Amino acid sequence: KNQITRQLKLLDPERSDQQIEQLSTDPQAIQNIITTKIMGDIGHLKLSNTVKDLETKVEDIKHLENSMRAVYQLFVDLAVMVHEEGIGLDVVSLNVKGSRREMEQGNGRMGDAKIDHRDIRRKKCCMLGLLVVVLIV
């Protein structure tokens, strides 16, 4: 009986000695007190763990939200760079087309220049021949 009273005082120090004496004779009441104390501590522990889990999840969600903002910003920056590069590629494409047109015109002029050069050479030969004939006569 002394052991039971000591244990009850440890479990519920706010009870008076008279209340503890009455409880020590009622095993069902002792069982209820023990269960209430243990479950109360476990319930508090469970609640505390749940709160910690929720706080962790909130922090994880905030971290995920920040990561998603960073990914969104990367995609926006990438879209801007692709647009700018597209404009640059359009300019290069126009320059290539213009260069191709100029090359074709240049090749046509080179053909004309070869013909003109050949005609001039013939005329020089004819003039030289005519000059030789005039000098001989």
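Residues numbered from 1 in each chain as written. Predicted model: local features only at pLDDT ≥ 70, side-chain atom pairs only at ≥ 80, totals over all residues. Heavy atoms only, no water.

### What to know about a nonpolar patch on the surface
Threshold: Patch membership needs two things, relative accessible area over 30% and no salt bridge, and members are linked within 9 Å if like-charged or within 5 Å if nonpolar (Val, Leu, Ile, Met, Phe, Trp, Tyr). Areas reported as accessible are Shrake-Rupley estimates using a 1.4 Å probe. Residue values count occlusion only from the protein chains shown. Salt bridge criterion: a side-chain nitrogen from Lys or Arg within 4 Å of a carboxyl oxygen from Asp or Glu. A run of H or I in DSSP counts as a helix once it spans at least four residues, and a run of E counts as a strand once it spans at least two, with each numbered from the N terminus. Type-normalised accessible area, obtained with a 1.4 Å probe on protein chains alone, sets the label of each residue: buried when under 20%, exposed when over 50%, and partly exposed for intermediate values.
Nonpolar side chains collect at one region of the surface, where L128, L131, V132, V133, L135, I136 and V137 lie side by side and expose about 770 Å² of accessible area between them. Checked against the element boundaries, V137 lands in the segment after α3 (27-136). Taking relative accessible area as the criterion, V137 reaches 84% and is therefore assigned exposed.

### A few points about the nonpolar core
Filter applied, for reference: Here the nonpolar core consists of buried residues drawn from Ala, Val, Leu, Ile, Met, Phe, Trp, Tyr and Cys, with membership extended through side-chain atoms lying within 4.5 Å. Residue contacts are counted whenever heavy atoms from the two residues lie within 4.5 Å of one another.
If you look at the biggest cluster of nonpolar residues, it comprises six residues: L8, I20, L23, A29, I30 and I33. For this core, the secondary-structure elements that each account for two or more residues are α2 (17-24) and α3. Contacts of L8, omitting those with residues within four sequence positions, involve I20, L23, S24, I30 and I33.

### Here we look at the packing of helix α1 (residues 2-11) against α2
As a reminder of what qualifies: Helix axes are fitted to C-alpha atoms over the stretch in contact, other axes to C-alpha atoms as well, and angles between N-to-C directions run from 0 to 180 degrees. Throughout this description, any angle smaller than 35 degrees is read as roughly parallel, any larger than 145 degrees as roughly antiparallel, any in the 65 to 115 degree range as roughly perpendicular, and the remainder as oblique. Note on convention: the crossing is left-handed when the near helix lies turned anticlockwise from the far helix by less than a right angle, right-handed when the turn is clockwise. Gly counts as polar in this scheme, as do all residues outside two lists: the nonpolar Ala, Val, Leu, Ile, Met, Phe, Trp, Tyr, Cys and Pro, and the charged Asp, Glu, Lys and Arg.
Interaxial distance between α1 and α2 falls to 10 Å at its minimum, and their mutual angle equals 125°. Between α1 and α2, the angle is such that the two are oblique. Between α1 and α2 the crossing geometry is right-handed. Contact with α1, carried on its side by I4, T5, L8 and K9, involves D17, I20, E21, L23 and S24 of α2 and no other residues of that element. The residue makeup of the contact of α1 with α2, split by class, is four nonpolar, two polar and three charged.

### Topic: α2
This is how it is decided: What the arc measures is the spread of directions leading from the helix axis to the C-beta atoms.
Taken residue by residue, α2 has I20, L23 and S24 as its buried positions. Down the axis of α2, the smallest arc covering the buried residues is 100°, so these residues share one side. Of the exposed residues in α2, those oriented more than 90 degrees away from the buried face are Q18 and Q22.

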